[in-house]
Amino acid sequence: MLRDSKASGMPILIRGHSCILRNILLYTAKTRSGKMEIGMISLWDLEYRLDRGMKMQLVDLRTPAEYQNGHICGAVNIPYSQLKERFQELKPVPPLVFY
């Protein structure tokens, strides 16, 4: 289950205070041919993959204040307005999940 970063540990899927629930997540991965593929992934599909141990890098594109109010555990915060300048901070190995 995806957990809130706050000490309560309440599942994000139950909380509903965050726009995380309403957004579709952008997912990038390399195909067998080595090309980057960009697609959409639902929060429930993301939860399924994380519960099964699939490694991915989560990137929260909201403001630092929104991130502090709650985020998916393990996500890094790079506000959308800073993504171009800070993209090099991300691990070079996909899959990356942006929300």
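All figures in this text were calculated on a predicted structure; none of them were measured in a lab. (Residues numbered from 1 in each chain as written. Predicted model: local features only at pLDDT ≥ 70, side-chain atom pairs only at ≥ 80, totals over all residues. Heavy atoms only, no water.)

(A) Geometry of the overall build of the protein. Of regular secondary structure, the protein possesses 4 helices and 5 strands. Going residue by residue from the N terminus, the α and β elements of the protein occur as α-β-β-α-β-α-β-α-β. For the protein, the proportion of contacts with a sequence separation of at least 24, taken over those separated by at least 6, is 46%. Split by element, the accessible area of the protein, about 6300 Å² in all, is 57% carbon and sulfur. (Helix = DSSP H or I, 4+ residues; strand = E, 2+ residues; numbered from the N terminus. Contact = heavy atoms within 4.5 Å. Areas by Shrake-Rupley, 256 points an atom, 1.4 Å probe, with all protein chains shown as cover.)

(B) Structural context of the nonpolar core. Among the nonpolar cores identified, the biggest contains 12 residues, and these are Leu25, Tyr27, Ala29, Ile41, Leu43, Leu46, Met56, Leu58, Ile72, Ala75, Val97 and Tyr99. Residue assignment for this core shows that the elements contributing at least two residues are strand 1 (25-30) and helix 2 (43-51). The dominant element in this core, judged by the number of residues it contributes, is strand 1, at 3 residues. Look past the residues within four positions of valine 97 in its chain and what remains in contact with it is Leu25, Leu26, Tyr27, Ile41, Leu46, Met56, Gln57, Leu58 and Val59. (Core = buried A, V, L, I, M, F, W, Y, C linked by side-chain atoms within 4.5 Å. Buried < 20%, exposed > 50% of the residue type's maximum accessible area, 1.4 Å probe, protein only.)

(C) Expanded view of the confidence of the model for the protein. Averaged over the protein, the pLDDT score is 75; the fraction of residues at 70 or greater is 76%. Of all secondary-structure elements in the protein, the lowest mean pLDDT belongs to helix 1 (residues 12-15), at 34, while strand 4 (residues 76-77) reaches the highest, 94. (pLDDT = per-residue confidence, 0-100.)

(D) Seen up close, the sheet that holds strand 3 (residues 57-60). The 5 strands are arranged 2-1-5-3-4 in an open sheet whose pairing can be described as mixed. The strands lining the two open edges of the sheet, one partner per strand, are strand 2 (36-41) and strand 4. Relative to strand 5 (residues 96-98), strand 1 runs antiparallel, the two sharing 3 bridges. Paired with leucine 26 across the strands is phenylalanine 98, a residue of strand 5. The sheet contacts of helix 2 involve strand 1, strand 2, strand 3 and strand 5, and relative to strand 2 the element is tilted by about 110°. (Pairing = 2+ DSSP bridges. Axes fitted to C-alpha atoms, helices over the stretch in contact; angles between N-to-C directions.)

(E) Quick look at the pattern of salt bridges. All chains considered together, the criterion is met by 3 salt bridges. The closest approach of N and O atoms between glutamate 89 and arginine 86, which form a salt bridge, is 2.9 Å. Here arginine 86 falls in the partly exposed class, since its relative accessible area comes to 23%. (Salt bridge = Lys/Arg side-chain N within 4 Å of Asp/Glu carboxyl O.)

(F) Structural context of a nonpolar patch on the surface. A grouping of Leu26, Ile38 and Met40 is seen on the molecular surface, where their side chains present a nonpolar patch of about 330 Å² in accessible area. As for its placement among the helices and strands, methionine 40 is situated in strand 2. The exposed category is assigned to methionine 40, whose relative accessible area is 62%. (Patch = residues over 30% accessible without salt bridge, like charges linked within 9 Å, V, L, I, M, F, W, Y side chains within 5 Å.)

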